[in-house]
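Notes for the structure review
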Amino acid sequence: PKVTLNQSATTITTTGTGSAVTFEDGMTLQAGTYKGGTTNTDIFGTTKLSGGTLDYETQPFRPQGDFTYNSGTITGAAGGSIKFGNTGGTARTITGSFTAPTVTFDINAATAQTWQVGANTVLTVTGALTMDNTNTATMTINGTGSPAGKIVAQGNIVADSTVAGNVAIDLTGGNSQSINA
């Protein structure tokens, strides 16, 4: 189902371990709070944030389709992350500038797939930025448009040999940062 959360007094919290909450046709967060709780959240279709709070808590929030941000707050605890996957084989696009505590790109696929950071988009990561295909195919991350989208990394960066692309990554952390590639 497609889920739209548009009431400011509403909070949805997921619970359970070893399983995932799956939204097959996308998710729109306009108001209220979505809490990932102790289980993974998989979003197939487009994820749209235009208000409210996305709190992925301790487990990955995993958009598999385009990710559009207009407004709202993104938070998370240790162990959690926005984990951009891609199960469709076509390029997926992140649009709208936002800040997140931790971000992972991991397509977990045996066939090459692409994420694009759209024009005028700045994805700021205050903690760890991980770019790691846990499978064997090349994962490409590109900045597109004019000016091209980019990633601002304020924490440590981990990348493996399956990562390619032209996205600019600015290192702006106030403390020492490490790059493990």
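Residues numbered from 1 in each chain as written. Predicted model: local features only at pLDDT ≥ 70, side-chain atom pairs only at ≥ 80, totals over all residues. Heavy atoms only, no water.

Below, the discussion takes up the environment of Gln154. Tracing the sequence through the fold places Gln154 in the loop between β18 (150-153) and β19 (157-159). Accessibility expressed as a relative area gives 32% for Gln154, which makes it partly exposed. Each residue touching Gln154, except ones within four places of it in the same chain, is listed here: Thr124, Val125, Thr126, Thr172, Gly173 and Gln177. (Helix = DSSP H or I, 4+ residues; strand = E, 2+ residues; numbered from the N terminus. Buried < 20%, exposed > 50% of the residue type's maximum accessible area, 1.4 Å probe, protein only. Contact = heavy atoms within 4.5 Å.)

Once that is clear, we can look at the side chain of Thr41. Mapped onto the elements, Thr41 comes out in strand β6 (residues 40-43). In this structure Thr41 touches Val21, Phe23, Tyr34, Gly36, Pro60, Phe61 and Arg62, once residues within four positions along its chain are discounted.

Proximity of charged atoms lets side chains of opposite charge pair with each other. Across all of its chains, the model carries five salt bridges by this definition. Here Glu57 ties to Lys35 by a salt bridge, and the two come within 3.3 Å at their closest N and O atoms. Pair noted here: Glu57 is in the loop between β7 (47-55) and β8 (60-63) and Lys35 is in strand β5 (residues 33-35), with a separation of 22 residues, a long-range link. A single network of salt bridges, built from pairs that share partners, joins Lys35, Asp55 and Glu57. (Salt bridge = Lys/Arg side-chain N within 4 Å of Asp/Glu carboxyl O.)

Taken as a whole and assessed by the stated rule, the structure comprises eight aromatic pairs. Taking the centre distance of 5.4 Å and the plane angle of 90 degrees together, the rings of Phe67 and Phe84 count as edge-to-face. Of this pair, Phe67 sits in strand β9 (residues 67-75) while Phe84 sits in strand β10 (residues 81-84), and the two are 17 residues apart along the sequence. Of the two residues, Phe67 and Phe84, both sit in the buried class. Pairing Phe105 with Trp115 gives two aromatic rings, centres 6.5 Å apart and planes at 70 degrees, and the pair type is edge-to-face. Highlighted residues: Phe105 in strand β13 (residues 103-105) and Trp115 in strand β14 (residues 113-117), separated in sequence by ten residues. We classify Trp115 as buried; its relative accessible area is 0%. Three or more aromatic residues joined by ring pairs form one cluster here, namely Phe67, Tyr69, Phe84, Phe98, Phe105 and Trp115. (Phe/Tyr/Trp six-rings, centres within 6.5 Å; stacked < 30°, edge-to-face > 60°.)

Per-residue pLDDT for the protein has a mean of 88; in total, 96% of the residues score no lower than 70. When the elements of the protein are averaged for pLDDT, strand β1 (residues 3-5) gives the smallest value, 78, and β18 the largest, 97. (pLDDT = per-residue confidence, 0-100.)

Approximately 160 Å³ is the volume found for the largest pocket. Taken together, the residues of the lining of the largest pocket break down into two nonpolar, five polar and four charged. (1 Å grid on protein atoms, 1.4 Å probe; cavity = no way out; pocket = protein on both sides within 12 Å on 5 of 7 lines; lining within 4 Å. Points joined across faces, edges and corners; volume = space filled by probe spheres on them. Nonpolar A, V, L, I, M, F, W, Y, C, P; charged D, E, K, R; others polar.)

Moving on to the pairing of β8. On β8, burial covers both faces: Pro60 and Arg62 on one face and Phe61 and Pro63 on the other are all buried. Across three bridges, the pairing between β6 and β8 is parallel. The partner of Ile43 across the bridge, within β8, is Pro63. As paired strands, β8 and β10 are joined by two bridges and run parallel to one another. Bridging across to β10, Phe61 finds its partner in Ile82. (Pairing = 2+ DSSP bridges.)

As a further point, take the side chain of Asn142. Along the polypeptide, Asn142 turns up in strand β17 (residues 139-143). Looking at Asn142, its side chain comes within polar contact range of the main-chain nitrogen of Asn166, at 3.0 Å. Ignoring anything within four residues of it in the chain, the contact list for Asn142 reads Thr114, Trp115, Gln116, Val117, Gly165, Asn166 and Val167. (Polar contact = N/O pair within 3.5 Å; in protein donor to acceptor, adjacent residues only side chain to side chain.)

Relative to strand β15 (residues 122-125), strand β12 (residues 98-100) runs parallel, the two being bridged by three bridges. Across the sheet, Thr99 pairs through a bridge with Thr124, a residue of β15. Direction of pairing for β15 relative to β18: parallel, over a ladder of four bridges. By the bridge assignment for β18, Leu123 is matched with Ile151.

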